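If you want the building blocks of each chain, they are given just below.
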Amino acid sequence: MTGRGAAGFYDELSRAGFRRSHRFAYRPACRQCAACVPVRIAVEEFADTRSTRRVRNVNRGLRTRLMTGRATPEQFDLFTAYQHSRHRDSDMAAMTYADYRSMVEDSAVRTAVAEFRDAEGALAAVALIDRLDDGFSAVYTFYDPSRGKESLGTWSILWLVEECRRQGLPYVYLGYWIEESPKMAYKARFPALERLTGKGWAAFAPSR
């Protein structure tokens, strides 16, 4: 995706279930497999549960700064600590600062970074997000692995829901959900979730 019309084109692709990596938009298309299901939160229908209220209470002291998509060494240090703790065998764990900077900055669309800091100013979590004409797309989130009990990944999505409300935007796009993947199970727990079907977006329900 390049050129002046890239952002608008990506808006349409997002509604069709595509995701972005650098300047490329993609959607899995495997023969005889439809395991990767695009999901999004319908903001107007979202209502807190006991679990989301707990996450809000735990993180009520965090301060958020939303800024243009620019990488910093501080972010990269946190990214590296997160990868080595959670995904040490993945390709992302071997990324250099140049790789990380490319992930954040190599975008032809409206990309932003949300930094979440505690009361002492320490960087607790970072969310890389794309602004769409109908909401935000959560591209990638990482956080301080020593704060695992604070559910910072969930917190970042709750913050996006509230940011959409503040800006009058209807959706938070969460990428793909795979029923057989334990790492993606958290997405199914969000209220007001929708999934993309062959007939369009519909209320979420697991296939079994």
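Quick notes on the rules
- Residues numbered from 1 in each chain as written.
- Predicted model: local features only at pLDDT ≥ 70, side-chain atom pairs only at ≥ 80, totals over all residues.
- Heavy atoms only, no water.
- 1 Å grid on protein atoms, 1.4 Å probe; cavity = no way out; pocket = protein on both sides within 12 Å on 5 of 7 lines; lining within 4 Å.
- Points joined across faces, edges and corners; volume = space filled by probe spheres on them.
- Helix = DSSP H or I, 4+ residues; strand = E, 2+ residues; numbered from the N terminus.
- Nonpolar A, V, L, I, M, F, W, Y, C, P; charged D, E, K, R; others polar.
- Buried < 20%, exposed > 50% of the residue type's maximum accessible area, 1.4 Å probe, protein only.
- Polar contact = N/O pair within 3.5 Å; in protein donor to acceptor, adjacent residues only side chain to side chain.
- Contact = heavy atoms within 4.5 Å.
- Axes fitted to C-alpha atoms, helices over the stretch in contact; angles between N-to-C directions.
- Parallel < 35°, antiparallel > 145°, perpendicular 65-115°, else oblique.
- Core = buried A, V, L, I, M, F, W, Y, C linked by side-chain atoms within 4.5 Å.
- Salt bridge = Lys/Arg side-chain N within 4 Å of Asp/Glu carboxyl O.
- Pairing = 2+ DSSP bridges.

S.K.: Describe the layout of surface pockets, listing the residues and the values that go with them.
M.R.: Here the largest pocket is characterised by a volume of approximately 1,400 Å³. Looking at the largest pocket, it is lined by 46 residues, and the ones nearest its centre are Val139, Tyr140, Thr141, Tyr186 and Lys187. Going through the elements one at a time, strand S1 (19-21), helix H2 (50-58), helix H3 (73-86), helix H4 (97-105), strand S7 (135-143), helix H5 (152-167) and strand S8 (171-177) are the ones with two or more residues in the lining of the largest pocket. Among the residues making up the lining of the largest pocket, the classes are represented as 21 nonpolar, 16 polar and nine charged. Roughly 160 Å³ of internal volume is contained in the second largest pocket. The class makeup of the residues in the lining of the second largest pocket is ten nonpolar, no polar and one charged.

S.K.: Quick rundown of empty space enclosed by the protein? Include the residues and the values.
M.R.: Taken as a whole, this structure holds one cavity of 30 Å³ or more when the rule is applied. In terms of lining, the largest cavity is formed by Ser14, Gly17, Phe18, Arg19, Pro38, Val39, Ser137, Tyr173, Gly175, Tyr176 and Trp201. Going through the elements one at a time, strand S3 (37-42) and S8 are the ones with two or more residues in the lining of the largest cavity. A total of three residues in the lining of the largest cavity trace back to one element, the largest contributor, which is S8.

S.K.: Could you give an account of the side chain of Ser107, with specific residues and numbers?
M.R.: For Ser107, the position within the fold is in the loop between H4 and strand S5 (111-117). On the basis of relative accessibility, which here comes to 14%, the residue Ser107 falls in the buried class. A polar contact of 3.1 Å, which involves the side chain of Ser107, links it to the backbone nitrogen of Val109. A distance of 2.6 Å separates polar atoms of two side chains, one belonging to Ser107 and the other to Thr111. Ignoring sequence-local partners within four residues, the contact set of Ser107 consists of Arg20, His22 and Arg23.

S.K.: Can you explain the packing of H3 against H4? Please cite residues and give values.
M.R.: The description of two helices packed together rests on the angle between their axes and the distance between the axes. Running from N to C, H3 and H4 cross one another at 105°; their axes reach a closest spacing of 10 Å. In terms of axis orientation, H3 runs roughly perpendicular to H4. Only Tyr97, Tyr100 and Met103 of H4 make contact with H3, whose side of the interface consists of Pro73, Gln75, Phe76 and Phe79. Looking at side-chain class alone, the contact of H3 with H4 contains six nonpolar, one polar and no charged residues.

S.K.: Outline the nonpolar core, listing residues and values.
M.R.: In summary, soluble globular proteins display a tendency toward joint burial of nonpolar side chains. In this structure, Ile41, Tyr100, Phe116, Val172 and Leu174 are the most contacted members of the largest nonpolar core, which totals 54 residues. Of all the secondary structure elements, the ones that give two or more residues to this core are S3, H3, H4, S5, strand S6 (123-132), S7, H5 and S8. Setting aside its immediate chain neighbours within four residues, Tyr100 contacts Ala71, Thr72, Gln75, Phe76, Phe79, Met95, Val126 and Phe142.

S.K.: Explain the pattern of salt bridges residue by residue, including any values.
M.R.: Per the counting criterion, the structure on display carries 16 salt bridges. A salt bridge links Arg15 to Glu12; the nearest nitrogen and oxygen atoms lie 2.8 Å apart. With Arg15 and Glu12 both in helix H1 (residues 6-15), this residue pair falls three residues apart, about one helical turn. For Arg15, a relative accessible area of 24% gives the class partly exposed.

S.K.: Please give an account of the packing of H2 against H5 that cites residues and values.
M.R.: Where H2 meets H5, the axes come as close as 10 Å, and the angle between the chain directions of the two elements is 95°. Judged on the interaxial angle alone, H5 and H2 are roughly perpendicular. Within the contact between the two elements, H2 uses Thr52, Val55 and Arg56 and H5 uses Thr154, Trp155, Leu158 and Glu162.

S.K.: An account of the pairing of S7 is needed here, citing residue identities and associated values.
M.R.: Looking along a regular strand, one sees the side chains alternate between the two faces of the sheet. Bridge count between S6 and S7: eight bridges; the pairing is antiparallel. Bridging across to S7, Arg131 finds its partner in Phe136. A loop of two residues connects S6 with S7, the two strands running antiparallel in sequence. In this structure, S7 lies alongside S8, joined through three bridges in parallel fashion.

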